[in-house]
Each structure stands twice: as C-alpha cells, then as structure tokens.
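Spelled out, the chains give:
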Amino acid sequence: MKITSSAVSLNVDDVAASATFLTSHFGFTELTAADGFTSLGREDAGMNVVYLRRGLPTLPADQRDDHAGGLILAFVVDDLEGELARLQDAGVTITMPLTVEEWGERAFQVRDPNGVIVQLVDWNGASGQPAAGNA
C-alpha cells in the first residue's frame, strides 16, 4: 500500500462556519466544495481537513447524524505563544489555556463555531529543548 495523502473528515451542522474558521484563523484554503461538503488544505499541514454536513445522504446511515465530538484537531506549530497572542488579538476564545505537560507537550485549545476542538501544540519542554522522542 502506498498512501498518497491524508485527510480527516468531520461531520458538522454548518460546514461554511467551520471552513471559514480554519481559513480565517489558521491559513487553510478551500480546495474543493459542493453542497454539504468542503475540503481544506495547507501545503505545510500534511493533510486535508474535510467538513461534511450532518445528515448528508451520501454518508452511510449509521454515520449521517454523528458529530465530530470527542475529536481534537491538533496542529503542531513553531511559535505557540505567538499563535496564542495572534488568536486572542483576533477575538478567538481560548477554551483551554496554555498548559505544559510533564512529558514536555505545551498546548492550548479553541473551538470552532460547530464546537470542533482545535489544539495548537509544540513538543518542546520548558527548557526549549525537544521533548524525549520528538527530537
């Protein structure tokens, strides 16, 4: 098997609202769209984010009404504090403050208009050195 690309598909009520959130605040661009569907990408993201409208008849019946709850859409960034300040300046509500885990992960979270959790993270410990296993 050869994987040529990756995507995460999320079922939401308002596809346009989630797409606008990622394009406005995280630099994604719309790659393709149709009624109830959009695919967003960034050259540096390594994956696409696809939003599907809940109830879309093309989805299998047991998935149609699912919501993207319980999922964290995480993006590793170089300047976590800078991104935090940028999003706060843009009026985005920070739903989990900047935290530091004992293994060196630092992260904060926001939610898009459909409640999808977006987490920005870096793998550097407080010393600024890469955490073990992530050098």
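Quick caveat, the model's predicted, so the values are computed rather than measured.

Describing the environment of glutamine 63
And step 1. Here glutamine 63 shows up in the loop between strand E4 (48-53) and strand E5 (72-76).
And step 2. When the C-alpha positions of glutamine 63 and isoleucine 117 are compared, they lie 20 Å apart, and in sequence the two are 54 residues distant.

Observations concerning the layout of surface pockets
And step 1. Roughly 290 Å³ of volume is contained in the largest pocket.
And step 2. In terms of lining, the largest pocket is formed by His25, Phe26, Phe28, Arg42, Asp44, Ala45, Phe75, Val76, Val77, Glu83, Arg86 and Leu120.
And step 3. Listed by contribution, the elements that provide at least two residues to the lining of the largest pocket are helix H1 (15-26), E5 and helix H2 (80-89).
And step 4. Here the residues of the lining of the largest pocket sort into 7 nonpolar, 1 polar and 4 charged.

Some thoughts on the sheet that holds strand E6 (residues 94-100)
And step 1. Ordered in space as E5-E8-E7-E6, the 4 strands form an open sheet in which the pairing is mixed. Unpaired on one side and paired on the other, E5 and E6 mark the two borders of the sheet. Looking at each pair of strands side by side, their axes are set apart by 15 degrees on average, direction ignored.
And step 2. Here 5 bridges tie E5 to strand E8 (residues 117-122), and the two strands are oriented parallel to one another. Residue pairing for E8: leucine 73 is matched across the bridge by valine 118.
And step 3. This element, H2, spans E6, strand E7 (106-111) and E8 of the sheet and lies at about 20 degrees to E7.

Considerations on a nonpolar patch on the surface
And step 1. A contiguous nonpolar patch, built from Val76, Trp103 and Trp123 and spanning about 330 Å² of accessible area, is present on the exposed surface.
And step 2. In this fold, tryptophan 103 is placed in the loop between E6 and E7.

Some words on the pattern of salt bridges
And step 1. Considering all chains together, one arrives at 6 salt bridges under this definition.
And step 2. Across the salt bridge formed by arginine 42 and aspartate 44, the nearest N and O atoms sit 2.6 Å from each other.
And step 3. A relative accessible area of 58% means that aspartate 44 is categorised as exposed.
And step 4. Because the salt bridges share partners, they merge into one network encompassing Glu81, Arg106 and Asp122.

Here we look at the pairing of E7
And step 1. Taken across its 6 residues, E7 has 5 buried, putting it largely inside the fold.
And step 2. Looking at chain direction, E6 and E7 are connected through 4 bridges and run antiparallel. Pairing of isoleucine 94 across the sheet is with valine 110, part of E7.
And step 3. The antiparallel hairpin formed by E6 and E7 contains 5 residues in its connecting segment, where glycine 104 sits at a positive phi of about 105 degrees.
And step 4. Between E7 and E8, which follow one another and run antiparallel, lie 5 residues, and glycine 115 among them has a positive phi close to 90 degrees.

Cut-offs and rules
Residues numbered from 1 in each chain as written. Predicted model: local features only at pLDDT ≥ 70, side-chain atom pairs only at ≥ 80, totals over all residues. Heavy atoms only, no water. Helix = DSSP H or I, 4+ residues; strand = E, 2+ residues; numbered from the N terminus. 1 Å grid on protein atoms, 1.4 Å probe; cavity = no way out; pocket = protein on both sides within 12 Å on 5 of 7 lines; lining within 4 Å. Points joined across faces, edges and corners; volume = space filled by probe spheres on them. Nonpolar A, V, L, I, M, F, W, Y, C, P; charged D, E, K, R; others polar. Pairing = 2+ DSSP bridges. Axes fitted to C-alpha atoms, helices over the stretch in contact; angles between N-to-C directions. Contact = heavy atoms within 4.5 Å. Patch = residues over 30% accessible without salt bridge, like charges linked within 9 Å, V, L, I, M, F, W, Y side chains within 5 Å. Areas by Shrake-Rupley, 256 points an atom, 1.4 Å probe, with all protein chains shown as cover. Salt bridge = Lys/Arg side-chain N within 4 Å of Asp/Glu carboxyl O. Buried < 20%, exposed > 50% of the residue type's maximum accessible area, 1.4 Å probe, protein only.

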